[in-house]
Amino acid sequence: MKKVMIGLLLISTTVAYGQKQKKEDIAAIKAMCGCYDIRFNFAETFAPDKDYEFHENYTSGALEYVFPISEDKDKIVLQHLLVIGDTMIIKHWRQDWLYENTDFYVFDKENTWKYVSKTPAEVKGQWTQKVYQVDDSPRYEGSATWVHVDGKDYWESKADAPLPRREFSKRKDYNVMTRVNRQEITDYGWVHEQDNDKIIRSEDGDILLAQEKGWNTYTKTDDSKCDVAKAWWDTNQAYWADVRLVWDELFAQNKTLAINMKVDDKIMFQRLFALEKEMIAAQPYDSGVAQSKIKEAIQKHLKSDQMLTSLK
């Protein structure tokens with residue numbers, strides 16, 4: 001009887017600890033929301049080839065609004081909007097946080113993501129961060145446990161990804177970035193620290209071209225600076241909800257996803273951004289018409305036949 005009571009006590013203690021941990025995780029994820037002055041800093045640090053010519057450091061800055069667009073007990077979706085000047089808004093990247101997620105789209109190369117299923121044991125207590133492009137197409141996904149220790153709150157994972165936007169149109173000497181992402185909550189906001197390997201991937205394997213360090217800081221600023229972003233989202237959110245629904249139809253198939261980013265001289269995000277203006281201008285907004293046109297636009301860029309047939 002004593003052993004049974006001890007066992008029940010241990011189970012109860014473990015459950016209570018898990019619930020406390022999850023609450024702390026959710027608080028850390030939501031702490032990334034707000035209006036931020038951001039600084040992007042990247043520097044190449046190492047190359048195995050002594051003749052490699054290091055590229056110049058990259059620095060940039062912007063005003064960005066980060067906010068939740070949906071939330072339940074196991075999923076939090078954060079949208080990023082860039083604020084340019086006082087009036088221009090650019091839909092930026094999106095990060096979905098899923099608790100104990102087992103379904104992954106792992107980047108391979110050449111705009112191809114392979115579906116991978118993990119066991120519940122492999123992701124127990126972990127949060128997956130799924131990062132999406134400006135058009136809500138996939139980018140990269142990583143899974144890890146949030147750490148809350150010694151006054152620090154951070155999450156760190158490793159994931160393969162396409163070339164970053166700052167390089168994909170300028171460089172052809174590598175085709176995969178293996179990213180170690182660390183997101184840590186700070187007293188001023190949060191920091192996105194990166195240790196990246198620039199990889200040449202082929203059928204023969206991976207070759208390391210160079211490594212770089214990334215240090216992106218999100219410093220909270222006057223929330224009113226992002227009022228224009230809030231107003232823009234109020235007008236445009238219905239369209240982007242429909243875009244996510246169409247992508248979700250593809251992801252739900254759990255099959256390899258391959259994309260032609262440029263078709264008929266148009267990049268996919270250009271096609272979807274143009275459609276956004278068309279659908280928002282045609283008031284009242286018609287979700288059924290929008291989804292049909294969104295499907296047609298995305299279909300033009302899919303290389304996987306099985307994906308196309310599912311969207312009839």
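Residues numbered from 1 in each chain as written. Predicted model: local features only at pLDDT ≥ 70, side-chain atom pairs only at ≥ 80, totals over all residues. Heavy atoms only, no water.

Side note on the overall build of the protein
Across its full length, the protein carries five helices and 16 strands. Its C-alpha atoms give the protein a radius of gyration of 21 Å, within 12% of the compact-globule value 20 Å for 312 residues. Based on the C-alpha atoms only, the size of the protein along its principal axes is roughly 70 × 60 × 45 Å. For the protein, buried positions account for 47% of its 312 residues. At a minimum sequence separation of 6, the contacts of the protein that also span at least 24 residues come to 61%. Carbon and sulfur atoms provide 54% of the accessible area of the protein, an area that totals close to 16,100 Å². (Helix = DSSP H or I, 4+ residues; strand = E, 2+ residues; numbered from the N terminus. Rg over C-alpha atoms; globule rule 2.2 N^0.38 Å. Buried < 20%, exposed > 50% of the residue type's maximum accessible area, 1.4 Å probe, protein only. Contact = heavy atoms within 4.5 Å. Areas by Shrake-Rupley, 256 points an atom, 1.4 Å probe, with all protein chains shown as cover.)

Focus: the side chain of Arg166
Tracing the backbone through its elements, the reader meets Arg166 in the loop between β10 (152–161) and β11 (176–185). One polar contact links Arg166 to Glu212, side chain to side chain, over a distance of 2.6 Å. (Polar contact = N/O pair within 3.5 Å; in protein donor to acceptor, adjacent residues only side chain to side chain.)

Focus: the sheet that holds strand β14 (residues 257–258)
Read from one edge of the open sheet, three strands run β5-β6-β14, paired in antiparallel fashion. Looking at which strands have only one partner, the edges of the open sheet turn out to be β5 (103–107) and β14. (Pairing = 2+ DSSP bridges.)

A short note on the nonpolar core
Ranked by size, the top nonpolar core spans 39 residues in total, and within it Leu81, Tyr239, Trp247, Ile259, Ile294 and Ile298 carry the most contacts. Elements supplying a minimum of two residues to this core: β2 (58–72), β3 (75–84), β5, α2 (227–251), α3 (268–281) and α4 (287–299). When residues of this core are assigned to their parent elements, the largest contribution, 10 residues, is made by α2. With residues up to four places along the chain from it excluded, the contact list for Ile298 reads Val246, Trp247, Leu250 and Leu272. Judged by nonpolar contacts, the second largest core, of 26 residues, contains Cys33, Tyr36, Tyr99 and Ala161. (Core = buried A, V, L, I, M, F, W, Y, C linked by side-chain atoms within 4.5 Å.)

Remarks on the environment of Ile200
Relative to the assigned elements, Ile200 resides in strand β12 (residues 189–202). For Ile200, a relative accessible area of 33% puts it in the partly exposed group. For the pair formed by Ile200 and Val246, sequence separation is 46 residues and the distance between their alpha carbons is 32 Å. What Ile200 contacts, discounting residues up to four positions off in sequence, is Asp173, Tyr174, Asn175, Gly205, Asp206, Ile207 and Leu209.

Concerning the sheet that holds strand β4 (residues 88–99)
Whenever strands of a sheet pair, they do so through backbone hydrogen bonds, lying parallel or antiparallel. Strand order in this open sheet of 11 strands is β8-β7-β4-β3-β2-β1-β13-β12-β11-β10-β9, and the pairing throughout is antiparallel. Edge positions in the open sheet fall to β8 (138–144) and β9 (147–149), since each of these has one partner strand only. Taken over all neighbouring pairs, the strand axes of this sheet differ in orientation by 25° on average, direction set aside. Bridge count for β11 against β12 is 10 bridges, and the pairing is antiparallel. If you follow Val176 over to β12, its bridge partner there is Ile199. (Axes fitted to C-alpha atoms, helices over the stretch in contact; angles between N-to-C directions.)

Observations concerning the environment of Ala159
As for its position among the elements, Ala159 is in strand β10. The class for Ala159 is buried, based on a relative accessible area of 5%. For the pair Ala159 and Glu141, spaced 18 residues apart in sequence, the C-alpha separation works out to 6.1 Å. Sequence-distant contacts of Ala159, that is, excluding residues within four places in its chain, are made with Tyr140, Glu141, Gly142, Met177, Thr178 and Arg179.

Brief notes about α3
With 14 residues, α3 should cover 20 Å at 1.5 Å per step; its first-to-last C-alpha distance of 20 Å lies within 8% of that length. Here α3 has its buried residues at Met268, Arg271, Leu272, Phe273, Leu275, Glu276, Met279 and Ile280. (Expected span 1.5 Å × (residues − 1).)

Some words on the packing of α2 against α3
Contact geometry for α2 and α3: axes closest at 10 Å, N-to-C directions at 125°. By the angle class used here, α2 and α3 are oblique. Note that α2 runs across α3; the crossing there is right-handed. Of α3, the residues touching α2 (which contributes Trp232, Thr235, Asn236, Tyr239, Trp240 and Trp247) are Met268, Leu272, Phe273, Leu275, Glu276, Met279 and Ile280. Looking at the contact of α2 with α3 residue by residue, the class counts come to 10 nonpolar, two polar and one charged. (Parallel < 35°, antiparallel > 145°, perpendicular 65-115°, else oblique. Left-handed = near helix turned anticlockwise from the far one by under 90°. Nonpolar A, V, L, I, M, F, W, Y, C, P; charged D, E, K, R; others polar.)

A few points about the packing of aromatic side chains
The full count for this structure, using the stated rule, is 19 aromatic pairs. A centroid spacing of 5.5 Å and a plane angle of 50° characterise the contact between Tyr105 and Phe251, whose relative ring orientation is tilted. Placement of Tyr105 in strand β5 and of Phe251 in helix α2 is noted, with a sequence separation of 146 residues between them. Members of the aromatic cluster, connected to one another through ring pairs, are Tyr105, Tyr115, Tyr132, Trp247 and Phe251. When the ring centre of Trp240 is taken as origin, the NZ or CZ atom of Lys91, which lies over that ring, is 4.5 Å away. (Phe/Tyr/Trp six-rings, centres within 6.5 Å; stacked < 30°, edge-to-face > 60°. Lys NZ or Arg CZ within 6 Å of the ring centre and 35° of its normal.)

Describing the packing of α2 against α4
The contact between α2 and α4 brings their axes to 9 Å, and the two run at 50°. What the angle tells us is that α2 and α4 run oblique. α2 and α4 meet at a crossing whose hand is right-handed. From α2, Tyr239, Asp242, Val243, Leu245, Val246, Trp247, Glu249 and Leu250 reach across to α4, where they touch Ser287, Ala290, Gln291, Ile294, Lys295 and Ile298. Its residues assigned to classes, the contact of α2 with α4 shows nine nonpolar, two polar and three charged.

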